[in-house]
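Chain residues, written in single-letter form:
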Amino acid sequence: MAYLKYYGELRELTGAEQETYPGDDIKECLKHIKTVYGKEAYAEAKRSLITVNGKGILNTGNYRTRIQDQDEIRFLPLCGGG
Amino acid sequence: MRLPVYAKIDLTRRKAVRYPINQEMFEKYIGGKIMGSRLLYDLTSPGLDPLSPEAVLIINTCPANGTGAPSSSRFNMSFKNVMTGGIATSNCGGTFGMMLKRAGYDGLIITGRAKNPCYLMIIDGEIHLKSAKEFWGMEAQEVQKQFPQEYGKLVIGPAGEHLVRYACAVSGERVAGRCGAGAVMGSKNLKACVAYGTKEPYIYDREGFDRYVEKWVRFLQRHPMTGASLPKYGSAGLVNKANASDALPTRNFRKGSYEKADEISGERLADTKLVKNSGCTSCPVRCERRVKVHDVEVKGPEYETVGLFGSNIENADLDVINEVNYLADELGMDTISLGGTIAFAMELKEQGIADFGVEFGRTDNLTEVIRKIAYREGIYDELANGSKWLAKRYGQEAAAIHAKGLELASYEPRQSVGMGLGYATSNRGGCHLNGGYLALFESVGVISADPLATKGKPELTVMLQNTMEAVSGAGFCLFTAYSMIPSFLFRLGPSHWFTKFCGKALLAARGVLGIMWKLMPGLLPFNSMYLLPHAQTLKLITGISMTTGKFMQLGERGYNLERMYNYREGMTAEDDALPERLTKTPQDGGNPDTVVKLQEMLPRYYQVRGWGRDGYPSKQKRRQLGLYE
């Protein structure tokens, strides 16, 4: 089981801070979110900064990034700074 | 058109005279840091000690200050950089600038050294020099409480009094942080500047301005960054993003990610420590955090402080970060240089070279150490000089993380190489903002251009450096420039194919970006809310004919002038450098490309800038910008 952790607006849309899920890749996790929480949560999750064990998915296969047991997947809001 | 009125104040002779700014100078340099650089260049000779009586301190405003334009409370301090020996400009969101304008002055040019601790009081056009004997020794908030709440104040704490080289100046709870502004004031025995007045700010087209500002505020409030993310998480929200991109400095920039990053993240801060958000005067963004330290509500930390007192010293305790942030402000020290210096001291202990009682991961004595630095007590006198000084004394230059003598901000550049180029070329030293903040398009923004690519980075760096110079020089918070990034990209998110395509397109556009500065200001002869609304706002405030192209060229002019000042002080292209840890030691041991390949980027950077191979603005470029020195 991997851990899905929700932040920001996604937390409000899912009503959860985290949950476990046995998916194989990020795409499956997103499908799960859509099925359980609806389209709005799915859209919010898709546009989040998605990390697996702290690393962004852009360079690891994007939505096809594989996940394994005990992996921590975070859906973070985009933030600004300077 | 109303021309700026400055006051030239000689603290030695206790005299003040009006210093006229003529129309040509006003139209060319506007105000703030750009006018500050001009005045500094004209009024000083090279080779001065930054802390000598002959050194000049300029505290000035911009036409937008006090008008109610979005995020326009920012004022500037220009002086010879205590940390680098080159130019220094330091920006602050406190209310002193606005009140100085209401008191009848757009700027102060301060020279000399008072015989005894003093403060300047500027009330409705009158300037008084008063004794600060009873205030000397007070911390920043305590001294400000000595004056009526409605007065604008700019003060130093004990660190400035003790000439800590990275001492800052404080206005309200905002800080002119970098380069040693507080030390310069301290060297002049100037404890505070206080201003109050009732003069209304000048606005050329009041009706047009009101309509435009109303639209701009709505635009900022609708934008996902300025209207949602920054108010909710502040800049501390960057921690997880930087960590995910290996751009979070960890263990004195030895690594780019921290296993406990989540514990010091903006999300964690919002969940567990945030009392509310707040902001500078006239700012609709409200990015400031309010937290509690010892049960007292105070200003919370920005991303830089979180990184440099969090991951970079391997501290995962937000309470420690909040307390250190508050203490540094009270004592009057730049948290970036302080954090970077302490991290270097930790490494010196780890290497068995010098023991300042600080270690990675240890925080129980941190506040005590910081106090001792502020007062230059015992061995901590050495830490008050910064990491470049320490490296000269103890060696380990490769691990002293500074550029030109100013400690780097909280973006590890080995997997964000354009940021590295920015740090190296920044005129005031290792600054992420004066350096152009290319991390926005490499590692921490919604768009991710290949962070390791060197092609395209010089062009982007120049564009951002010049644009940010203009925004800052005009008196606006840099966060107002976020709205240049289209909202829809945030709705798509960083993983969407179109956003990823934008990252590639930015690098591919290097040909166009490379020649755009030759075509300014004619290239952009219009104003647009979606590009840089600052230009139109300035036009409405001043009556000056201002276009986006002229506005961006204003920034380019300021950047070139800063460069010329640095060269006059003896800096050369060799100073566009980074420590060897960042240029020779791969961040990822398995990938030799995870270094900042400066030598691949610098020649193209100079070419795009219109500078010679020696890194100095060519005659043609200077002529184009009207810099005839």
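Note that this is a predicted model, so its numbers are computed, not measured.

**Overview of the overall build of chain A**
Piece 1. From N to C terminus, chain A includes three helices and five strands.
Piece 2. Across chain A, helices and strands are ordered from the amino to the carboxyl terminus as β-α-β-α-α-β-β-β.
Piece 3. Computed over its C-alpha atoms, the radius of gyration of chain A comes to 12 Å, within 12% of the 12 Å expected for a compact globule of 82 residues.
Piece 4. With the C-alpha coordinates of chain A rotated into their principal frame, the extents come out at 35 × 30 × 20 Å.
Piece 5. Counting the 82 residues in chain A, one finds 54% classified as buried.
Piece 6. Taking all contacts inside chain A whose residues are at least 6 apart in sequence as the whole, residues at least 24 apart take part in 58%.

**So, the pattern of salt bridges**
Residues and elements named next belong to chain B.
Piece 1. Counted by the stated rule, this structure contains 47 salt bridges over all chains.
Piece 2. Taking the shortest distance from any N to any O, the salt bridge between Arg-290 and Glu-173 comes out at 2.5 Å. One end of the pair, Arg-290, is in strand β14 (residues 288–293); the other, Glu-173, is in the loop between β10 (169–171) and β11 (174–176), and 117 residues separate them in sequence.
Piece 3. By relative accessible area, Arg-290 is classed as buried at 9%.
Piece 4. On the accessibility criterion, Glu-173 (26% relative accessible area) is partly exposed.
Piece 5. What you see here is one network of salt bridges that share partners, running through Glu-173, Arg-174, Lys-276, Glu-288, Arg-290, Glu-297 and Glu-302.

**What to know about the pairing of β14(B)**
All names here are of chain B.
Piece 1. Taking burial as the measure, the six residues of β14 include five buried ones, the bulk of the element.
Piece 2. Across three bridges, the pairing between strand β13 (residues 276–278) and β14 is antiparallel. Bridged to Ser-278 within β14 is Glu-288.
Piece 3. Relative to strand β15 (residues 296–299), β14 runs antiparallel, the two being bridged by four bridges. Bridging across to β15, Arg-290 finds its partner in Lys-299.
Piece 4. Connecting the antiparallel pair β14 and β15 is a turn made up of two residues, with His-294 showing a positive phi of about 50 degrees.

**Observations regarding the side chain of B:Thr67**
Residue and element names in this part refer to chain B.
Piece 1. By the secondary structure assignment, Thr-67 is in the loop between β3 (57–60) and β4 (75–80).
Piece 2. A distance of 3.2 Å separates a polar side-chain atom of Thr-67 from the backbone nitrogen of Ala-69.
Piece 3. Those residues in contact with Thr-67 that sit more than four places away from it in its chain are Ser-72, Pro-201, Ile-203, Arg-206, Phe-209 and Ile-541.

**Observations concerning the layout of surface pockets**
Residue and element names in this part refer to chain B.
Piece 1. Considered as a void within the structure, the second largest pocket measures approximately 660 Å³ in volume.
Piece 2. Around the second largest pocket sit 27 residues that line it, and Lys-388, Glu-397, His-402, Lys-404 and Gly-405 are the ones nearest its centre.
Piece 3. At the level of secondary structure, the elements contributing two or more residues to the lining of the second largest pocket comprise α16 (387–394), β16 (402–403), α25 (580–583) and α26 (598–609).
Piece 4. Residue composition of the lining of the second largest pocket, by class: 10 nonpolar, seven polar and 10 charged.
Piece 5. Counting residues domain by domain, the lining of the second largest pocket receives three or more from each of domain 2 (234–400) and domain 3 (413–625).

**Observations regarding a nonpolar patch on the surface**
Residue and element names in this part refer to chain B.
Piece 1. On the surface, Ile-515, Leu-519 and Leu-523 cluster together to form a nonpolar patch covering roughly 250 Å² of accessible area.
Piece 2. Topologically, Ile-515 is positioned in helix α22 (residues 510–515).
Piece 3. Looking at Ile-515, the relative accessible area reads 43%, which means it is partly exposed.

**Thoughts on the packing of aromatic side chains**
Piece 1. As enumerated under the stated definition, the model contains 20 aromatic pairs over all chains in all.
Piece 2. Ring plane angle 90 degrees and centroid distance 5.6 Å describe the contact between B:Trp497 and B:Phe498, whose orientation is recorded as edge-to-face.
Piece 3. Looking at B:Trp497, the relative accessible area reads 60%, which means it is exposed.
Piece 4. Ring geometry for B:Tyr606 versus B:Trp611: centroids 6.2 Å apart, planes at 35 degrees, classification tilted. Each member of the pair, B:Tyr606 as well as B:Trp611, is classed as buried.
Piece 5. Following the ring pairs from residue to residue traces out a cluster consisting of B:Phe488, B:Trp497, B:Phe498 and B:Phe501.
Piece 6. Here A:Lys34 stacks its cationic end above the ring of A:Tyr42, 4.8 Å away from the centre of that ring.

**Overview of the nonpolar core**
Among soluble globular proteins, nonpolar side chains are generally buried collectively.
Piece 1. The biggest cluster of nonpolar side chains holds 199 residues, and the ones touching the most others in it are B:Met77, B:Met333, B:Ile370, B:Ile373, B:Tyr411, B:Tyr437 and B:Phe551.
Piece 2. Apart from residues lying up to four places away in sequence, B:Met77 is in contact with B:Leu57, B:Ile58, B:Ile59, B:Ala88, B:Thr89, B:Ser90, B:Leu154, B:Ala169, B:Ala176, B:Ala181 and B:Met185.
Piece 3. Grouped together as the second largest cluster of nonpolar side chains are 19 residues, A:Cys29, A:Ala45, A:Ile73 and A:Phe75 included.

**Some points on the interface of chain A and chain B**
Piece 1. Residue-level contacts link 25 residues of chain A with 36 residues of chain B.
Piece 2. Of the roughly 2300 Å² buried between chain A and chain B, counting both surfaces, carbon and sulfur atoms make up 54%.
Piece 3. Linking chain A with chain B are four salt bridges, by the criterion used here.
Piece 4. Of the charged contacts in the structure, one is a salt bridge between A:Arg11 and B:Asp271, with a shortest N-O distance of 2.8 Å.
Piece 5. Where chain A packs against chain B, one counts 11 residue pairs in polar contact (both at pLDDT 80 or more).

**What to know about the pairing of strand β6 (residues 107–111) of chain B**
Residue and element names in this part refer to chain B.
Piece 1. Counted residue by residue, β6 has five buried out of five residues, so it is predominantly covered.
Piece 2. Alternating positions in β6 separate into two faces, Gly-107, Ile-109 and Thr-111 on one and Leu-108 and Ile-110 on the other, with burial throughout.
Piece 3. The sheet contact formed by strand β1 (residues 5–10) and β6 spans five bridges and is parallel. Note that in β6 the partner of Ile-9 across the bridge is Ile-110.
Piece 4. Note: β3 against β6, four bridges, orientation antiparallel. Looking at the pairing, Ile-59 lines up with Leu-108 of β6.

**Concerning the domain arrangement of chain B**
All names here are of chain B.
Piece 1. Annotation of chain B at the domain level lists domain 1 (6–196), domain 2 (234–400) and domain 3 (413–625).
Piece 2. On the domain 3 side, the residues contacting the 21 residues of domain 2 number 15 residues.
Piece 3. Taking both sides of the interface into account, the surface hidden between domain 2 and domain 3 amounts to around 1400 Å²; carbon and sulfur atoms contribute 56%.
Piece 4. Linking domain 2 with domain 3 are one salt bridge.
Piece 5. A salt bridge links Glu-347 to Arg-581, with the nearest nitrogen and oxygen atoms 2.5 Å apart.
Piece 6. Mapped onto the side of domain 2 that touches domain 3, the elements with two or more residues apiece are α9 (238–244) and α13 (335–350).

The rules we used
Residues numbered from 1 in each chain as written. Chains lettered and ligands numbered in written order. Predicted model: local features only at pLDDT ≥ 70, side-chain atom pairs only at ≥ 80, totals over all residues. Heavy atoms only, no water. Helix = DSSP H or I, 4+ residues; strand = E, 2+ residues; numbered from the N terminus. Rg over C-alpha atoms; globule rule 2.2 N^0.38 Å. Buried < 20%, exposed > 50% of the residue type's maximum accessible area, 1.4 Å probe, protein only. Contact = heavy atoms within 4.5 Å. Salt bridge = Lys/Arg side-chain N within 4 Å of Asp/Glu carboxyl O. Pairing = 2+ DSSP bridges. Polar contact = N/O pair within 3.5 Å; in protein donor to acceptor, adjacent residues only side chain to side chain. 1 Å grid on protein atoms, 1.4 Å probe; cavity = no way out; pocket = protein on both sides within 12 Å on 5 of 7 lines; lining within 4 Å. Points joined across faces, edges and corners; volume = space filled by probe spheres on them. Nonpolar A, V, L, I, M, F, W, Y, C, P; charged D, E, K, R; others polar. Domains from an automatic or database assignment. Patch = residues over 30% accessible without salt bridge, like charges linked within 9 Å, V, L, I, M, F, W, Y side chains within 5 Å. Areas by Shrake-Rupley, 256 points an atom, 1.4 Å probe, with all protein chains shown as cover. Phe/Tyr/Trp six-rings, centres within 6.5 Å; stacked < 30°, edge-to-face > 60°. Lys NZ or Arg CZ within 6 Å of the ring centre and 35° of its normal. Core = buried A, V, L, I, M, F, W, Y, C linked by side-chain atoms within 4.5 Å. Buried area = accessible area lost by both parts, 1.4 Å probe.

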